[in-house]
Each structure stands twice: as structure tokens, then as C-alpha cells.
Amino acid sequence: MKVAVKIPLLVTKQEAIVLDSQSRIANWLYNRLLEQANALRKRYRETQEKEVGKVLYTERGLRDLIPGLKAQHPFLKTVYSSVLKNAALRLSKAIRDYQDGRHGRRANLVNWPKFRAWKRTWFSLQYDEPSKGYRLVGRSLTLVLGQDEAGEQLKIELELAEALPHWVKHQHIRQCRIVKEGQIYSVVFSVERVLPNGKPLFYTRIVALDPNHKNFAYAVGTDGVATEIKNPYFLKGYDKRIDRLKSKRDKCKRKSRVITREDGSQFWLPSRRWLMLNARLQNVLRERREQTKQFLYTVANRLYHDYDAVSVGDYVPHGGGITRKMRRAMNNRSLNKRFKQVLAWVALRSGKQYLEWAEVGSTRTCHDCGYVVAEGIPVEVREWDCPGPECSSHHIRDENAARNGLTRTLKALALPCSGRREVSSRR
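Predicted model, so just to flag it, every value in this text is computed and none were measured.

Caption draft 1: View of the overall build of the chain. When you go through the chain residue by residue, the secondary structure sums to nine helices and 17 strands. Considering only residue pairs separated by 6 or more positions, the chain has 65% of its internal contacts joining residues 24 or more positions apart. Entry remark: accessible area of the chain is about 24700 Å², with carbon and sulfur atoms responsible for 50%.

Caption draft 2: Representation of helix α1 (residues 13-47). Compared with the 51 Å implied by 1.5 Å per residue over 35 residues, the 51 Å span of α1 between its first and last C-alpha is a close match. Two residues or fewer after α1 comes Gln48, characterised by a positive phi angle close to 60°.

Caption draft 3: The pairing of strand β12 (residues 266-269), seen in detail. Across four bridges, strand β11 (residues 257-260) lies against β12 in antiparallel orientation. Paired with Thr260 across the strands is Gln266, a residue of β12. Here β11 folds back onto β12, and the loop between the two strands holds five residues, one of which, Gly264, carries a positive phi near 95°.

Caption draft 4: Quick look at a positive patch on the surface. On the surface, a cluster of positive charge is contributed by Arg24, Lys119, Arg120, Arg254, Lys255 and Arg261. Following the sequence through the fold, Lys119 ends up in the loop between α4 (81-102) and β2 (125-127). Exposure remark for Lys119: the relative accessible area of 51% places this residue in the exposed category.

Caption draft 5: View of the pattern of salt bridges. Following the criterion strictly, the structure yields 18 salt bridges and no others. For the salt bridge of Lys6 with Glu181, the shortest nitrogen-to-oxygen distance reads 2.5 Å. You can see Lys6 sitting in strand β1 (residues 2-10) and its partner Glu181 sitting in strand β6 (residues 173-181), a full 175 residues away along the chain. Since its relative accessible area comes to 19%, Glu181 is described here as buried. In this structure, Glu290 and Lys6 form a salt bridge, with 3.5 Å as the shortest nitrogen-oxygen distance. One end of the pair, Glu290, is in helix α6 (residues 272-306); the other, Lys6, is in strand β1, and 284 residues separate them in sequence.

Caption draft 6: Quick peek at the packing of aromatic side chains. The tally for this structure, following the rule as stated, stands at 11 aromatic pairs. Their ring planes at 75° and their centres at 5.7 Å tell us that Tyr44 and Tyr57 sit as a pair that is edge-to-face. Here Tyr44 is found in helix α1, whereas its partner Tyr57 is found in helix α2 (residues 50-57), with 13 residues between them in sequence. A relative accessible area of 22% means that Tyr44 is categorised as partly exposed. A residue is classified by how much of its surface remains accessible, and Tyr57, at 21% relative accessible area, is partly exposed. Residues Trp122 and Tyr185 carry aromatic rings whose centres are separated by 5.9 Å and whose planes lie at 85° to one another, so their mutual orientation is edge-to-face. Remark: Tyr185 occurs in strand β7 (residues 184-192) and Trp122 occurs in the loop between α4 and β2; sequence separation between them is 63 residues. Every member of this aromatic cluster is reached through a ring pair, and the members are Tyr80, Tyr127 and Tyr134.

Caption draft 7: Geometry of the nonpolar core. Ranked by size, the top nonpolar core spans 53 residues in total, and within it Tyr127, Leu141, Leu143, Cys176, Ile178, Val187 and Phe189 carry the most contacts. Apart from the residues within four sequence positions on either side, Cys176 is in contact with Leu125, Gln126, Tyr127, Tyr134, Leu141, Leu143, Val187, Val188 and Phe189. Formed by 33 residues, the second largest nonpolar core is a distinct cluster that contains Leu235, Trp274, Leu335 and Ala347.

Conventions we followed
- Residues numbered from 1 in each chain as written.
- Predicted model: local features only at pLDDT ≥ 70, side-chain atom pairs only at ≥ 80, totals over all residues.
- Heavy atoms only, no water.
- Helix = DSSP H or I, 4+ residues; strand = E, 2+ residues; numbered from the N terminus.
- Contact = heavy atoms within 4.5 Å.
- Areas by Shrake-Rupley, 256 points an atom, 1.4 Å probe, with all protein chains shown as cover.
- Expected span 1.5 Å × (residues − 1).
- Pairing = 2+ DSSP bridges.
- Patch = residues over 30% accessible without salt bridge, like charges linked within 9 Å, V, L, I, M, F, W, Y side chains within 5 Å.
- Salt bridge = Lys/Arg side-chain N within 4 Å of Asp/Glu carboxyl O.
- Lys, Arg positive; Asp, Glu negative; His and termini not counted.
- Charge placed at Lys NZ, Arg CZ, Asp CG, Glu CD.
- Buried < 20%, exposed > 50% of the residue type's maximum accessible area, 1.4 Å probe, protein only.
- Phe/Tyr/Trp six-rings, centres within 6.5 Å; stacked < 30°, edge-to-face > 60°.
- Core = buried A, V, L, I, M, F, W, Y, C linked by side-chain atoms within 4.5 Å.

Okay, structure coming up:
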């Protein structure tokens, strides 16, 4: 099983210039290949030539165009071949994903790839072969860059901010990738990790989660304990900081002054204040991602510490909302999809089980008697009494949905279930 280990780098100003130039060239190659792909796409639609289709829609088609581009543009030789190759492979995968979406081979539709703006997204440098193009000795990482005009091999030596975890062996590292978030450069190692032999899984402890927006999720387990997981408190604070920085940055003049290069070409350079505010914004976005990641993994690890299987409702927020704030909370701040990915990963690592249960009708169905409220229950109603003829149970909206989810999970696992589960306590 492959896992990713991310470690910050201690980068000097000169080293940052070198890494940025490598990223710019890889980004330029991606856009140049996309320009050719757009022309090939138009030609293929008109002629249906098989050779054109092989170049455009196969994994290695666009990659094979790189040697010709190197002959036309010698500056590409200053970047290591693996980095250039992966820029082409990344574009080829985006095109194949688009084709799979069009022909129904994947659940979601994917748009045709667009040109990348390097100033908006730093293009990562990927070395995808074990111990080829990079070397790690202690906390010293040496990267091979390419060749200069004289044919000499270029290299750069970087320092890791901290040592590798004790369980990571150098011979288990399969890939190396350099990324930049805000002003922080990091290296991501892809490590082949062998998990210990898992014990046979007995579903003695199961918990069902009902994800929603008023809180992060509501959980009910087979131990009769109900747990309300509140939304992370820091999201609103980060959103306010992000909005304030975006507002200040956008009031600055983006195109401040024209810079003329030695070859006569020109480009616009933003004002110093715009660059300063943009750097602050990128740092806040990075902090938000790291805090969110820590929150999700903490919750997932705690759940799998207490239970053998975790089942989550299949609802994923998308679309509108009643108010602007509600739409933002549903679409922008929702961690539903990421939380499911984290749960699936932690389950695999722990040798436990991750499941999803169908949420259709779970909120308006009384868990005690099975009565279904035909007209549904309004969103603003958080507690309700069952109107069934022989039932007058009082329900907490999210708790009732989670209890229905637990029943459906037990039935899906073909485990004994009475259809009624008492909730002994709430946390």
C-alpha cells in the first residue's frame, strides 16, 4: 500500500528562484501540449484519422511529442526529463477523464482541460521513478534538474525541515514530488508501506453517521451511545480572514508596471502591495487546509478506535440553498466528501471497515414505528413528534436519521437487528 509523507523544505531565495523557473517551464510545456491537443482534437473531428486519435487519446501520445519540442525550444533541456514527462502524462489523463465522462465510464462529467496560469497554481515537479533524479541522504535532498548549454548536468541540494518518520525506509520510497503552498515549499514522498497482517474483522461495534450542516455529523453506535460532532470552530474565522484579504488585494492595481525582458518581450508586474497581500492570502489558505486535515484525521482515528466499522450517509452537498450564507456553507465549507475519503483511508490502514448507507427518507421516517411523514420535515425543524397512529415518540432530527442509518447498515451486513435501538447517552 502506498502512503504519502509530506515534509517542508528549508529553501533559500536563490533555491526558490531555481525551483520556480523549473515549475514555470513545466507549466509552459503543459500549455504548449494543450495548444497542440486542441488542434489535434479539431482535426480528428473533421477527418477521424486513427493516427491523430492515437496521439490525442492514448497515454503516451502527447508524451512522444516532447523530443520534437526540445529540438525547437532548447530551454526545455534544463528541466529533468521525468518532470517534463509527467506534465504530458497529466494532460493525457485529463483528456482521457473527459472522454470517460462523455461515454459514461465514470460517474461525473469532466470538462476538457484548460490552460494553466502559473501565478495562480504552482506546477509541481514530479520524479516518478525510485531513486532516479533525486537522492536523499539524511535531511539532504539532491534533485537533478537537467543540462545547461554546455551539456553539464544541473543539480540543486535542498534541506528537509525535519527528518523522515522512523517507519519510512529509503528503499521503500517510490516517488518524489516538489510542491509549493503559499510561500512554503515541501517535498512529498510516495512510500510503499507494508501493513501488518490484519485480524479477522468481527462486526461487534458499528457506528452510523448522518452528515449535515447544522453540525458536522451525528453518530449513533451499536453500544447505544449518540454523539454529536460539531463543525470545526476555526472555519468561520479563516473564512473572514480570507474574505478580508481578498477584498484588500482586489482593491490594489493588479497591472502596476510593465517589465521588458532582454529579448524584447514584455509582461505586467503587480504592485508590491498586491504581491504582499496575495502572499498572505496563500499562507492563510494553506493554514486552513492543514487545520482541516488535522481535524478530519483526528475524528476518523477516534471513530475507528471506538468502533470496528463506520457507516456514513451517502449525501454529498451540491447545488443551492435558501440564503447566500447557506449556499456558502453547503458548497464551500462542507467537508463531507473529504471526510469520506479520510475514513476510507483510515479504515484501510487500521484493517477495519468503511461503509455508506442510503439517506433517502431517513429523516422523515420514525425509527420507532416506521411511520413516514409524507410531506417531509422542513429544514428549520430540528425536533419533531411522530404523528403515527400508535406512536408519539419525540425525535431529534439528526439522531433519528442516524438511528435509521444504523438499522440500514446492520441489514446490509446481514447482522441481527431488532429494528429499535435505545440510545443510552449523548456526548
